[in-house]
Amino acid sequence: MRAEVQAAPFIDREEAQRARNAKLERIGRWVLPIAIMILAIWLWDRLCVWYEIPQYILPRPGVVASTLVSDAPLLFTSLLVTLKITLLSLLLAVVGGVGLAVLFTQSKWVEMSFFPFAIVLQVTPIVAIFPLINIYVDNQTAKLLICSWIVAFFPILSNTTLGLNSVDRNLIDLFRLNGASRWQQLRFLRLPAAMPYFLGGLKIAGGLSLIGAVVAEFVAGASGQSSGLASRIIEAGYRLNAPRLFAALILISAAGIVIFLVLTLVSHLILRRWHESALSAER
Amino acid sequence: MTTEVAARHEPLLQLREIGKTFANGVTALKAASLTVREGDFLSLLGPSGCGKSTALRIIAGLSSPTAGVLDWRKSLDKDHIGFVFQEPTLMPWANVFDNVWLPLRLKGKSRTEAAPAIHELLERVHLSGFEKAMPRELSGGMKMRASIARALVTRPRLLLMDEPFAALDEITRFRLNEDLLDLWQDQRFTVTFVTHSVFESVYLSNRIVVMAARPGRVFRELAVDAPYPRAEAFRTSPEYAALCRQASQVLADAMHAEGR
Ligand SMILES: Nc1ncnc2c1ncn2[C@@H]1O[C@H](COP(=O)(O)OP(=O)(O)OP(=O)(O)O)[C@@H](O)[C@H]1O
Ligand SMILES: [Mg+2]
């Protein structure tokens, strides 16, 4: 009896049940989506066969996969172009968003004066703005960057502004009491306090910068000026090259997923030590 | 010895006819006068809304009075004030050491320069070994201890505390009361302590200023003549009971006098 107790610490039934559920949930989180995905691909393949759908309308998954391999040099070069725009515009969105947010929190007047403009930029569809940019800007990369930046910077700006302003009043008093300068208050108090908000905005902006880049390429690509993935899709569409179209589409989604996962990981690593929402996500 | 005792009872600051009316028209303080003496453990006792926090913030220079004067009798600068809030208000992204380091860091002291003072204080508040702990890993009492260490790390002459133990359970509160008294006797700073617990104010202070609300004002002052050190036994002594009864009576009078 005693040996038994030592061998396995006694856990009551409820706790055991909870542990089992947690374990099942952890497995399910990965296994279920993958299973559904495999099922969907299989169904897709079967549909093509059962209804004898021609390849230029709906290619079988196997064909798409082999296109992905055979067209790899072309597709991956284009992916790289798109990714370059995406990451660069994300970087600029971080710099611009955080910079503007810091500027806004330095003075209520600045915020009041300029925040509406940020909103105007945000709510106007980028597709409608692009022709203007096309007129004013010559450099191809700059055009795409501006577009993608406009789409991506707003969540960072608004989240960071919110974060910088949502500092514990008592902590601000404590800083004042200790004669902290404006810079010290920003560096030691406001920026760290805004970190979770900023990271939330960054996650959204990551996805948006990809969307911004692709949309910009679409609009630019229509006039044959782009070499990104979007132009591959347009091209393939003209030529009824559905397998390549699907392959390009898959690459874009994959890029989006990877960006999202990387940013989630980054924010998890940064917040792991202190932020509550990161903690509850762990559980 | 006698000169030192005398020095310990010289006025440190005086509030003379201090008034505070907020922009929304609320008069938080009206003609409040009181003297804080060097070495005092002075409690501000009163019902909610009588302007205790307001008075403390005015003393700290975080808020300016609309009327009256705040007279510092000894040249003190802001370095010499420590403030403890009702909540521990630690920075959640920094560990205990960094939180306590903050006031010194803001004054340009490097980590290594500040380290001896921080370690010593953490030991005094019984947090040795928790330097690396994050605030969320600490109990409420431990957080408050860290908060007290942070307030004392600059070696303030005057420690202002705004209901620091109100959110803690009784056992923890008693323990922190004792530890605070120990620190106070050891390091000889002056304390102005806001509370609405009669028992706490009698246990801790040598003087109690009872305040009344609507409008907030000083109602009466009480001396608590029981000698220090006051150990746990003091809480069960008849003397303590009598003092508490007396203070309760004054507080009841103060609340009765409200609105007149
Ligand atoms: N910033 C402010 N603006 C407007 N009114 C305020 C402000 N701060 C405090 N007051 C008002 O002033 C009065 C006194 O407030 P204060 O916080 O000083 O009371 P208190 O004695 O500390 O109360 P409690 O025990 O509840 O903390 C209250 O009626 C409160 O509503
Ligand atoms: Mg208060």
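Residues numbered from 1 in each chain as written. Chains lettered and ligands numbered in written order. Predicted model: local features only at pLDDT ≥ 70, side-chain atom pairs only at ≥ 80, totals over all residues. Heavy atoms only, no water.

In the nomenclature of an unreviewed UniProt entry, chain B corresponds to ABC transporter ATP-binding protein from the organism Pseudaminobacter soli. Under the Sequence similarities (unreviewed entry) heading, UniProt states for chain B: "Belongs to the ABC transporter superfamily." (UniProt positions renumbered as here; feature names shortened; annotations may be inferred.)

Per an unreviewed UniProt entry, chain A goes by ABC transporter permease and derives from Pseudaminobacter soli. Its UniProt record gives chain A the following Subcellular location (unreviewed entry) comment, quoted word for word: "Cell membrane". Comment text from UniProt for chain A, heading Sequence similarities (unreviewed entry), reads "Belongs to the binding-protein-dependent transport system permease family."

Notes on the interface of chain A and chain B
Each side of the interface is counted separately: chain A has 20 residues, and chain B has 22 residues. At the junction of chain A and chain B, the tally comes to one salt bridge. Close ionic contact of Arg57(B) with Asp173(A) constitutes a salt bridge, the shortest N to O distance being 2.6 Å. Applying the counting criterion to the chain A and chain B interface returns five residue pairs in polar contact (both at pLDDT 80 or more). Those elements that provide at least two residues to the side of chain A that touches chain B are helix H8 (169–177) and helix H9 (182–221) of chain A. Counting residues per element, the side of chain A that touches chain B draws most heavily on H8(A), which supplies seven residues. For the side of chain A that touches chain B, a count of residues per class yields 11 nonpolar, three polar and six charged. (Contact = heavy atoms within 4.5 Å. Salt bridge = Lys/Arg side-chain N within 4 Å of Asp/Glu carboxyl O. Polar contact = N/O pair within 3.5 Å; in protein donor to acceptor, adjacent residues only side chain to side chain. Helix = DSSP H or I, 4+ residues; strand = E, 2+ residues; numbered from the N terminus. Nonpolar A, V, L, I, M, F, W, Y, C, P; charged D, E, K, R; others polar.)

Digging into the sheet that holds strand E5 (residues 81–84) of chain B
Remark on secondary structure: sheet strands pair via backbone hydrogen bonds, oriented parallel or antiparallel. Residue and element names in this part refer to chain B. Spatially, E5-E6-E7-E3-E8-E9 is the arrangement adopted by the six strands of the open sheet, whose pairing is mixed. The two strands at the open ends of the sheet, each matched to only one other strand, are E5 and strand E9 (217–223). Strand after strand, the sheet turns through a mean of 20° between neighbouring axes, direction not considered. As defined by bridge partners, E5 adjoins strand E6 (residues 158–162) across four bridges and the pair is classed as parallel. Opposite Val-84, over in E6, you have Met-161 as the bridge partner. Strands in contact with helix H5 (residues 140–152) are E5 and E6; relative to E5, the strand with the most contacts, it is inclined by about 165°. (Pairing = 2+ DSSP bridges. Axes fitted to C-alpha atoms, helices over the stretch in contact; angles between N-to-C directions.)

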